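Chain residues, written in single-letter form:
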Amino acid sequence: MARTGRPREFNKEQTLERALELFWSRGYGATSIQDLVEALAVERGSLYGAFGDKRRFYLDAVRLYWEVYERHLTAALDTAPVLPALREILTHPARLDELISDRGVPQGCLVGNTTAELVPQDSEATEIVTRSYHRFTDIVAGALRRAQAAGEVTTNSSPEAQAQLLLYIVQGLSLVSRAGLDQSSALTAIDTAVDGLRA
């Protein structure tokens, strides 16, 4: 028998994108289902029907965040020279004017925020975060490998080790930015890291 009743009055993909912004600005714990209902102008039952509970909704938002981030990361590093693109990636958490949420605080990286808030207690969140970090290092290591072959980046350490260092830097900057960040000092630290990669 065909289903009857009112059709959903929202686009699931667009709703998830808007929820991502709310979760990103407020965090998982500080965002209630009622916050989502009010911000998205969607009935509570429709949200549950489309996404399940708040945890499932949040994890779907984190997955979407990473999909978008990975596309941008891959495109940014598909260039030569690589070091200017890497510097741009690293400086993103330091540009607080681009990371101000609707509550006036830096948003940081949603994957990093999930690490701080849900890992390791939530095994599914841990799996998403771990996979995201692995993908970051794989993509960055690939770019560094090409840059080493081109003579742009030092071969004193492996591309994998260099990529791991950059992961720690970008996630550290993202986390620190949420507590307030001296932009000048952050940019100096980033330049030091990038210069250390230079051949």
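Since we're looking at a predicted model, the values are computed, not measured.

All right, on to the overall build of the protein chain then. The helix and strand tally for the protein chain stands at nine helices and zero strands. Across the protein chain, helices and strands are ordered from the amino to the carboxyl terminus as α-α-α-α-α-α-α-α-α. Taken across its 199 residues, the protein chain has 45% of its residues classed as buried. Intrachain contacts of the protein chain at a sequence separation of at least 6 include 66% that bridge at least 24 residues. With an accessible surface of roughly 10,600 Å², the protein chain has 53% of that area assigned to carbon and sulfur atoms.

A word on the environment of Ser-174. Mapped onto the elements of the fold, Ser-174 is located in helix H8 (residues 159-177). Separated by 61 residues in sequence, Ser-174 and Asn-113 place their C-alpha atoms 8.6 Å apart. Separated by 2.5 Å, the side chain of Ser-174 and the backbone nitrogen of Cys-109 make a polar contact.

On to the UniProt feature "DNA-binding region" (unreviewed entry) in the protein chain, then. The UniProt record marks residues 32-51 with the feature "DNA-binding region" (unreviewed entry), using the residue numbering of this structure. Taken end to end, residues 32-51 is 80% helix and 0% strand, and its first and last C-alpha atoms sit 14 Å apart.

Okay, the packing of aromatic side chains next. Two aromatic rings are characterised by how far apart their centres lie and by the angle between their planes. Under the counting rule described, the total for this entry stands at seven aromatic pairs. Centroid distance Trp-24 to Tyr-65: 5.1 Å. Interplanar angle 75°. Geometry classified as edge-to-face. Residue Trp-24 is located in helix H1 (residues 12-26), and its partner Tyr-65 is located in helix H4 (residues 54-77); the two are separated by 41 residues in the primary sequence. Each member of the pair, Trp-24 as well as Tyr-65, carries the same accessibility label: buried. A connected cluster of aromatic rings, assembled from ring pairs, spans Phe-23, Tyr-28, Phe-51, Phe-57 and Tyr-58. Just above the ring of Tyr-28 sits the side chain of Lys-54; from NZ or CZ to the centre is 4.3 Å.

What follows covers helix H9 (residues 183-197). Every α-helix carries 3.6 residues per turn, so stepping three or four residues along brings you back to the same face. Here H9 contains 15 residues, and its C-alpha end-to-end distance of 21 Å stays within 8% of the 21 Å for a straight helix at 1.5 Å per residue. Every buried residue of H9 is listed here: Ala-186, Ile-190, Ala-193, Val-194 and Leu-197. An end-on view of H9 places all buried positions within 95° of arc, on one side of the element. The exposed residues of H9 that point more than 90 degrees off its buried face are Thr-192 and Gly-196.

Next up on the list: the pattern of salt bridges. As enumerated under the stated definition, the model contains 11 salt bridges in all. Glu-124 is the partner of Arg-63 in a salt bridge, and the nearest nitrogen-oxygen pair spans 2.5 Å. With Arg-63 in helix H4 and Glu-124 in helix H7 (residues 123-149), this residue pair connects regions lying 61 residues apart in the sequence. Connected through shared salt-bridge partners, Arg-55, Arg-56, Asp-60, Arg-63, Asp-122 and Glu-124 make up one network.

Moving on, we come to the nonpolar core. Core analysis: the largest hydrophobic core is formed by 57 residues, its most contacted members being Leu-36, Phe-57, Leu-77, Leu-86 and Val-140. If one sorts the elements of this core by residue count, H7 sits on top with 11 residues. Beyond its immediate stretch of four places on either side in the chain, Leu-77 contacts Val-82, Ala-85, Leu-86, Ile-89, Ile-139, Val-140, Ala-143 and Arg-146.

Rules and cut-offs
- Sequence positions are assigned chain by chain, starting from 1 and proceeding in written order.
- Local features in a predicted model are, by the rule used here, given only for residues with pLDDT of at least 70; side-chain atom pairs are given and counted only at 80 or more, and totals for whole chains, interfaces and linings are based on all residues.
- Each side-chain value is worked out from all heavy atoms of the structure, with water and hydrogens disregarded.
- The way it works is that DSSP assigns letters per residue, a run of H or I at least four long becomes a helix, a run of E at least two long becomes a strand, and they are numbered from the N terminus.
- Any residue under 20% of the maximum accessible area for its type is buried, any over 50% is exposed, and the rest in between are partly exposed; the area is computed with a 1.4 Å probe on protein chains only.
- The contact criterion used throughout is that any non-hydrogen atoms of two residues lie within 4.5 Å.
- Shrake-Rupley sampling with a 1.4 Å probe provides the accessible areas, and residues are treated as covered by the protein chains on show and by no other component.
- N or O atoms within 3.5 Å of each other form a polar contact, as long as, within protein, one can give a hydrogen and the other can take it, and as long as residues adjacent in sequence are counted only when both atoms are side-chain atoms.
- UniProt positions are given in the numbering used here, feature names are shortened, and annotations may be inferred rather than shown by experiment.
- A pair of Phe, Tyr and Trp rings is counted when the ring centres sit within 6.5 Å of each other, with Trp represented by its six-membered ring. The angle between the planes then sorts it: under 30 degrees is stacked, over 60 is edge-to-face, the rest tilted.
- Both a distance and an angle decide whether a charge sits over a ring: NZ of Lys or CZ of Arg must be within 6 Å of the ring centre and within 35 degrees of the ring normal.
- Given the number of residues in a helix, its expected span is that number minus one, multiplied by 1.5 Å.
- Directions are taken from the helix axis to each C-beta atom, and the arc is the one they span.
- What counts as a salt bridge is simple: a side-chain nitrogen of Lys or Arg found within 4 Å of a carboxyl oxygen of Asp or Glu.
- Here, the term nonpolar core denotes a set of buried Ala, Val, Leu, Ile, Met, Phe, Trp, Tyr and Cys residues that are joined through side-chain atoms within 4.5 Å.

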